[in-house]
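# Structure assessment
As a plain string of letters, each chain reads:
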Amino acid sequence: MDFFIVHMEKSVLRLTTRAMRFILLHSMPNDNICKFVPSVKNAPTEIWPVNFVLENTGVAQNETIRSVYAMHLVTRGNGELVRNNKRYAIDKGDVFFTLPSDRYAIFGQNGLEYAYVSFLGGGAAALARRIMPDGNARIFGGNERLIAFWKQALAHAHADNIDLMAKSVLEYSAALLIVTLPSDCRADVCAAVEEHVRKNFTSSDVRLRTVAARFGYSEQYLSKLFYRTTGTRFTDYLADLRVNAACKLLREGNASVKEVAYACGFSDPLYFSKVFKRRMGAAPSAFGRADKKVNILLL
C-alpha cells in the first residue's frame, strides 16, 4: 500500500509502507501528529462548488426550488427557515442544509445575515448522507467558531481561487459537523444503512464496498461503526437477509438452487451453497427436500 506525503513546497512523493515507517521513527518530533486517511476506492468523491455567497440584503423570502445542495451558515441575527412547509427558527451560528428539490424560503429578523456554499457532483449526495444519514435536512446549532473562517474565505476569494475557497469551506465545515454528531446521529447512519440493505439485498451489487461508497465512508470505518452500533457484523447482517429470503423461496419449491441464489443477491451459486450450509446446517437442495417431507407428514 502506498502512502502520500505533501511537503510544504507542494511536491508529492510516493513512499512504501517501509519507507513511511522509517520516517515516522527517525524524523518526527514527539509533538508532531501524523494521521493517515483510509482510501475509499471507487467512491464518488467529486464535489463541485457552484457559488459562495454572503446574503445580508434581499433575503430569499419567496419560496424557491434549486437543483443544487447548499450548506448555509447564519453569521448574524436570526430568522426563520421554511422548508417543505415546515418552519425552523435559525440563529447566529446555525448551520443548515437545503437539498435538491427542497422548496424553501428564509425570513430575516434582527439584521439576519447568512452565507452559503452550493455544490453538486458525484460526491454531493454522499457528503449530505454523512452529515444527515436519515436524509432529513436538520439545523446544527452552536457553530459560531465557523463564522470568522467563512468570512475570511469570502474576503480572500477571487476568480483564481474561488473554487478552492468554496470547497475548503464546505469540506472543513462538514468535517467538524461529522465529528460533533451526537451518538443518536451515528445510530441514524446505521439505521439508514440497514434500510438501504433491506430494500436492495437481492442485488448482487450490494456489498460492504458499494454501501460504504454510497454513504461516503471507507469500508473499514463503516464496518466498525455498524458492528459497534448494532452488535452485528455487516457481512453477517447481509448474509442473514439473503439466506432467510432463500429459505422462503426453497420452501415454495418453484425455483432451482441456482435460481434462488441469483434471486437473493448471490452472484455465485457455489458460494451461496457454502454460505447457506454454514448458516442453516444443510445444503440448500437438502433443505428444500427436507422441508417438503415435513409438509407431507403433516398432511
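All values reported here derive from a predicted model rather than from experimental measurement. (Residues numbered from 1 in each chain as written. Predicted model: local features only at pLDDT ≥ 70, side-chain atom pairs only at ≥ 80, totals over all residues. Heavy atoms only, no water.)

### A closer look at the packing of helix H6 (residues 208-215) against helix H7 (residues 219-230)
Put simply, the test is: For helices, the fitted axis covers only the stretch in contact; all axes are lines through C-alpha atoms, and the angles between them, taken along N-to-C directions, range from 0 to 180 degrees. Counting from the N terminus, the helices are DSSP H or I runs at least four residues long and the strands are E runs at least two residues long. Any angle from 65 to 115 degrees is called roughly perpendicular, while one under 35 is roughly parallel, one over 145 is roughly antiparallel, and all others are oblique. By the convention used here, residues are in contact when the closest approach between their heavy atoms is within 4.5 Å. Residues are grouped as follows: Ala, Val, Leu, Ile, Met, Phe, Trp, Tyr, Cys and Pro are nonpolar; Asp, Glu, Lys and Arg are charged; every other residue, Gly included, is polar.
Axis separation between H6 and H7 bottoms out at 9 Å; the angle between their running directions is 95 degrees. The pairing of H6 with H7 is recorded here as roughly perpendicular in orientation. Between H6 and H7, the contacting residues are Leu208, Arg209, Val211 and Ala212 on the first element and Glu219, Leu222 and Ser223 on the second. Of the residues contributing to the contact of H6 with H7, the split by class is four nonpolar, one polar and two charged.

### Focus: the pattern of salt bridges
To be explicit about the condition: The rule for a salt bridge is simple: a side-chain nitrogen of Lys or Arg has to be within 4 Å of a carboxyl oxygen of Asp or Glu. Only protein chains enter the area calculation, which uses a 1.4 Å probe; residues under 20% of their type maximum are buried, those over 50% are exposed, and those in between are partly exposed.
Inspection of the entire model under this criterion finds six salt bridges. Close ionic contact of Glu80 with Arg87 constitutes a salt bridge, the shortest N to O distance being 2.7 Å. Judged by its relative accessible area of 23%, Glu80 falls in the partly exposed class. The shortest N-O distance in the salt bridge between Glu113 and Lys151 comes to 2.9 Å. Of this pair, Glu113 sits in strand S8 (residues 103-120) while Lys151 is found in helix H3 (residues 145-156), placing the two residues 38 residues apart along the sequence. Here the salt bridges share partners, and the residues they tie into one network are Arg76, Glu113 and Lys151.

### Some points on the packing of helix H2 (residues 124-131) against H6
Two numbers describe how H2 lies on H6: the axes approach to 6 Å, and their chain directions differ by 85 degrees. The angle between H2 and H6 falls in the class roughly perpendicular. Residue-level inspection shows Ala126, Arg129 and Arg130 of H2 in contact with H6, the latter providing Ala213, Arg214 and Phe215. When grouped by side-chain class, the residues that make up the contact of H2 with H6 number three nonpolar, no polar and three charged.

### Describing the packing of aromatic side chains
Two aromatic rings are characterised by how far apart their centres lie and by the angle between their planes. To keep things clear, this is the line we draw: Centres within 6.5 Å make a pair out of two Phe, Tyr or Trp rings, where for Trp the six-membered ring is used; the pair is then stacked when the planes are under 30 degrees apart, edge-to-face when over 60, and tilted otherwise. Here, a charge over a ring is recorded when the distance from Lys NZ or Arg CZ to the ring centre is within 6 Å and its angle to the ring normal is within 35 degrees.
For the coordinates displayed, the defined rule picks out eleven aromatic pairs. Seen from their ring centres, Phe266 and Phe272 are 5.1 Å apart, and the 55 degrees between their planes marks the pair as tilted. Phe266 gets classed as buried once you look at its relative accessible area, which sits at 7%. With a centroid separation of 5.4 Å and 75 degrees between ring planes, the pair formed by Phe276 and Phe287 is classed as edge-to-face. Residue Phe276 is located in helix H10 (residues 269-280), and its partner Phe287 is located in helix H11 (residues 284-298); the two are separated by eleven residues in the primary sequence. Chaining the aromatic ring pairs together yields one cluster made of Phe266, Tyr271, Phe272, Phe276 and Phe287. Here the basic side chain of Arg233 rests over the ring of Tyr227, its NZ or CZ set 4.9 Å away from the ring centre. Over the ring of Phe266 we find Arg242, and its NZ or CZ is 5.8 Å from the ring centre.

### What about helix H8 (residues 234-252)?
In plain terms, the rule: Here a helix's expected span is defined as the number of its residues, less one, multiplied by 1.5 Å.
Across its 19 residues, H8 extends 28 Å between first and last C-alpha, which sits within 8% of the 27 Å expected from 1.5 Å per residue. Residues of H8 that are buried include every one of Phe234, Tyr237, Leu238, Ala239, Leu241, Arg242, Val243, Ala246, Cys247 and Leu250, and no others. One or two residues past the end of H8 sits Gly253, with phi positive at roughly 70 degrees.

### Re the nonpolar core
What counts is decided by this rule: For our purposes a nonpolar core is just a set of buried Ala, Val, Leu, Ile, Met, Phe, Trp, Tyr and Cys residues, chained together by side-chain atoms within 4.5 Å.
In this structure, Met71, Val95, Phe97, Ile131, Met132 and Trp150 are the most contacted members of the largest nonpolar core, which totals 29 residues. Among the elements of the structure, strand S5 (69-83), strand S7 (95-98), S8, H2, H3 and helix H4 (162-179) are those that each provide at least two residues to this core. For this core, the element with the most residues is H4, which contributes seven residues. Ranked by size, the runner-up nonpolar core spans 19 residues in total, among them Cys190, Val211, Ala212 and Leu225.

### A short note on the confidence of the model for the protein
The following threshold applies: A score between 0 and 100, pLDDT records how confident the predictor is in each residue.
Per-residue pLDDT for the protein has a mean of 79; in total, 77% of the residues score no lower than 70. Looking over the protein, one finds the lowest element-wise mean pLDDT in strand S1 (residues 3-6), namely 33, and the highest in helix H9 (residues 257-263), namely 95. Here residues 39-44 is a poorly scored stretch, pLDDT under 50, and it has nine contacts once near neighbours within four places are set aside; other chains count.

### Observations concerning the pairing of S8
Put simply, the test is: Strands qualify as paired when DSSP identifies two bridges or more between them.
Across seven bridges, the pairing between strand S3 (residues 48-55) and S8 is antiparallel. Bridging from a neighbouring strand, Leu54 pairs with Ala115 of S8. The pairing of strand S4 (residues 64-65) with S8 spans two bridges and is antiparallel. Directly across from Thr64, in S8, lies its bridge partner Tyr104. Alignment of S5 against S8, held across 13 bridges, turns out to be antiparallel.

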